[in-house]
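# Structural characterization, general
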Amino acid sequence: MPKKVRVRFAPSPTGPLHIGGIRTALFNYLYAKKHNGDFVLRIEDTDQNRYVEGAEQYIIDALDWCGIPYDEGPGKDSGFGPYRQSERKHLYKKYADELISRGKAYYAFDTADKLDFHRKDHEAKGKTFIYNWHNRLKLNNSLSLTSEETKVKIEAGEDFVIRFLTPKDEKLHLKDIIRGAIEIDTNILDDKVLFKSDGMPTYHLANIVDDHLMQISHVIRGEEWLPSLALHQLLYDAFEWDTPEFAHLPLIMKPVGKGKLSKRDGEKMGFPVFPLSWNDSLGYREAGYFPEAVINFLALLGWNPGTEKEIFDLEELVIAFSLERVHKAGARFDPEKTKWFNHHYLQNKTDTGLAELFQLELAKKGIPGHPVNKNYIDKVVSLIKERANFVSDFWDLSSYFFKAPDSFDEKAVRKQWKDDTPQIMNDLVAVLNGIEDFSSENVETLVKEWIGKKELSFGKVMPPLRLVIVGAMKGPHLFDILGMIGKQESISRIQKAISIL
Ligand code: GLU
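Starting afresh in each chain, residues are numbered from 1 along the sequence in its written order. Whole-chain, interface and lining totals are the exception, using all residues; otherwise, since this is a predicted model, local features are given only for residues with pLDDT of at least 70 and side-chain atom pairs are given and counted only at 80 or more. Water and hydrogen atoms play no part in the side-chain values, which are based on all heavy atoms of the structure.

Here we take up the pattern of salt bridges. Any Lys or Arg side-chain nitrogen located within 4 Å of an Asp or Glu carboxyl oxygen qualifies as a salt bridge. Within this structure, the stated rule accounts for 34 salt bridges. With a shortest N-O distance of 3.7 Å, R119 and D116 are connected by a salt bridge. Of this pair, R119 and D116 both sit in helix α4 (residues 112-124), three residues apart, which is roughly one turn of that helix. A single network of salt bridges, built from pairs that share partners, joins R8, R42, E44, R88, D210 and D211. Strands are runs of DSSP state E lasting at least two residues, helices are runs of H or I lasting at least four, and both sets are numbered from the N terminus onward.

Next up, the structure:
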């Protein structure tokens, strides 16, 4: 029977998750759901110097907001917990010891100063210091010392680390679902520290041990971890454990130029790189994106369905997703395209739902009075949403539904406001005054009748009327606007404009 699919997202709580992290979580989630598997969240907090308060909660909140919650993880133990490595501290030493007894790892007593000295010394000679087969016997470790000497040092409480004994002259054949076969010569690898002098495992040891204990079947993570794959494979072999399958996701690249997308790119170009705001950094949520839009654009960063289809909700993604269709090449991030996705999801929301969001914005702006009731706002939304990418665009697109314009577009005034316009507008006021039923349709019929009777051209009436009602040559069907703001308001705007212009 094939192994149950169990994948994990294993962030380190060193700060807010970048959207690249969310993309990794999403691909894990999709893979798990596609194969009826489990999506595990594991918090890799062994590096206590880099621990950032609040980062773990941020990760959980971000997954939640995106709609890709974990099945197992902190607070949701399914028998594989705890899910924070700091709470699993007691587990790792045993495995480091096991590697020592298997002859796959060794104690090293070199002080930080000494290692620093070697590093600088090598640098001065134009070389790089690598702790491995070619110098390990000249360094201060249990391979160069006798077992008696080693024992004495340990019993005396001397600081030590445990290093992996990288095999010499081996060709490793690694496999990655996305990248295919990879061959590595073990002689280029260094003897990585597995266990630190502070009693904590390093990322490599903890990661392998936990993936094994948590029965992870597939490791899906960012390309930046590809260089660690050789060591991880060697560790699985050293323990004689089954190796999970690996898939290293392509980097997310800057919108322009070379290199991977960074927080600075977002700041420079004014787009978020975090799902939720964190201190001064804007999040997608706060920027007015819908989680569906974020999920949709992230899914297409490095994966494609093999068709032209671009709009996918989460369920469709689960069906369409496969690791085989994830590409190797970096995926260029396009901030404009993210807006296009949001536009799409915004159009699909109900007017009532959008109106509720808009009402919060109106309240913040302190827009009172006028016919501001639920139906009115629903109607406004239905008339302007087509031009909006975000709910935050609504106000600029619709302020004239709530208050008279406080200025008039100068270019439009020059073009539309002629010598005879005030007279025409005055006559129009009289017409509007006489209309009982001020519905959009009725006003339209009667005003058009009047234009016809007076043998006026539409161009002499409609553009200046739009200008005085809206303040600029924009907006939906003008009679809809008149019907919405009502007779009194329409007339008062015209009169006010006549006196100003
Ligand atoms: N803790 C690592 C990170 O912060 C996890 C890498 C992995 O998935 O193996 O990304």
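Here we take up the packing of helix α18 (residues 458-470) against helix α19 (residues 478-485). To obtain an axis, a line is fitted to C-alpha atoms, over the contacting stretch when the element is a helix, and the angle between two such axes runs from 0 to 180 degrees between their N-to-C directions. With their axes 11 Å apart at the nearest point, α18 and α19 run at an angle of 40 degrees to one another. Comparing the axis directions of α18 and α19 gives the class oblique. In the packing of α18 onto α19, the handedness of the crossing is left-handed. In this structure, α18 contributes M462, L465, R466, I469 and V470 to the contact, and α19 contributes L478, F479, I481, L482 and I485. Here the contact of α18 with α19 is composed, by residue class, of nine nonpolar, no polar and one charged. With respect to orientation, any angle under 35 degrees is reported as roughly parallel, any angle over 145 as roughly antiparallel, any angle of 65 to 115 as roughly perpendicular, and every other angle as oblique. Each crossing gets its handedness from the near helix: less than a right angle anticlockwise from the far helix is left-handed, clockwise is right-handed. Two residues form a contact once any of their heavy atoms are found within 4.5 Å. When residue character is reported, Ala, Val, Leu, Ile, Met, Phe, Trp, Tyr, Cys and Pro are called nonpolar, Asp, Glu, Lys and Arg charged, and the others, Gly included, polar.

It suffices for a single heavy atom of a residue to lie within 4 Å of a molecule or strand for the residue to be listed as near it. Looking at the ligand, the residues that line it are R8, A10, P11, S12, E44, Y203, N207, R221 and W225. Between the ligand and the protein, one listed contact pairs a nitrogen atom with a backbone N or O atom of A10 at 2.8 Å. Polar contact is defined as a pair of N or O atoms within 3.5 Å, subject to the rule that within protein one atom must be able to donate a hydrogen and the other to accept it, and that residues adjacent in sequence are counted only when both atoms are side-chain atoms. In the environment of the ligand, an oxygen atom lies 2.9 Å from a nitrogen or oxygen atom belonging to the side chain of R221. Using a 1.4 Å probe, accessible areas were evaluated by the Shrake-Rupley method; residue-level cover was limited to the displayed protein chains. Relative to its unbound accessible area of 290 Å², the ligand is 84% covered by the protein chains.

The subject of this paragraph is a positive patch on the surface. Distance thresholds for patches are 9 Å for like charges and 5 Å for nonpolar side chains (Val, Leu, Ile, Met, Phe, Trp, Tyr), applied to residues having over 30% relative accessible area and no salt bridge. For the purpose of charge, His is not counted, nor are the chain termini; Lys and Arg are scored as positive and Asp and Glu as negative. Each charge is placed at NZ for Lys, CZ for Arg, CG for Asp and CD for Glu. The grouping of K411, R414, K415 and K418 at the surface amounts to a positive patch. Note on placement: K411 falls in helix α15 (residues 410-416). Think of it in three bands: residues with accessible area under 20% of the maximum for their type are buried, residues over 50% are exposed, and the middle band is partly exposed, with areas taken using a 1.4 Å probe on protein chains only. Judged by its relative accessible area of 63%, K411 falls in the exposed class.

For two strands to be treated as a pair, DSSP must find at least two bridges joining them. Here three strands make up an open sheet; going across it, the order is β3-β4-β7 and the pairing antiparallel. If you trace the sheet from one side to the other, it starts and ends with β3 (105-108) and β7 (193-195), each paired once. Shown here is a sheet whose adjacent strand axes are inclined to one another by a mean of 45 degrees, direction ignored. Strand direction decides the pairing type here: β3 and strand β4 (residues 161-164), joined by four bridges, are antiparallel. Bridged to A108 within β4 is V161. Helix-sheet contacts for helix α3 (residues 89-101) involve β3, β4 and β7, and the interaxial angle to β3 is about 105 degrees.

On to the packing of aromatic side chains. Any two rings among Phe, Tyr and Trp, with Trp reduced to its six-membered ring, count as a pair given centres within 6.5 Å; such a pair is stacked if its planes are under 30 degrees apart, edge-to-face if over 60, and tilted if neither. Scanning the entire structure with this criterion turns up 24 aromatic pairs. When the centroid spacing of 5.1 Å and the interplanar angle of 85 degrees are considered together, the rings of Y107 and F160 count as edge-to-face. Of the two residues, Y107 is situated in strand β3 and F160 in the loop between α5 (147-155) and β4; the sequence distance between them amounts to 53 residues. This pair shows no difference in class: Y107 is buried, exactly as F160 is. Considering the side-chain rings of Y376 and F402, the 6.0 Å spacing of their centres and the 80 degrees angle between planes classify their relative orientation as edge-to-face. Of this pair, Y376 sits in helix α13 (residues 374-384) while F402 sits in the loop between α14 (394-398) and α15; the two residues are 26 residues apart in sequence, bridging distant segments of the chain. Comparing Y376 with F402 shows no difference in burial state: the two are buried. Aromatic rings pair up to connect F271, Y284, Y289, F297, F333 and F390 into one cluster. The lysine or arginine in question, R6, covers the ring of F80, its NZ or CZ lying 3.9 Å from the ring centre. Counted as over-ring charges are cases with an Arg CZ or a Lys NZ within 6 Å of the ring centre that also lie within 35 degrees of the ring normal.

By themselves, these observations are geometric and do not establish any function.
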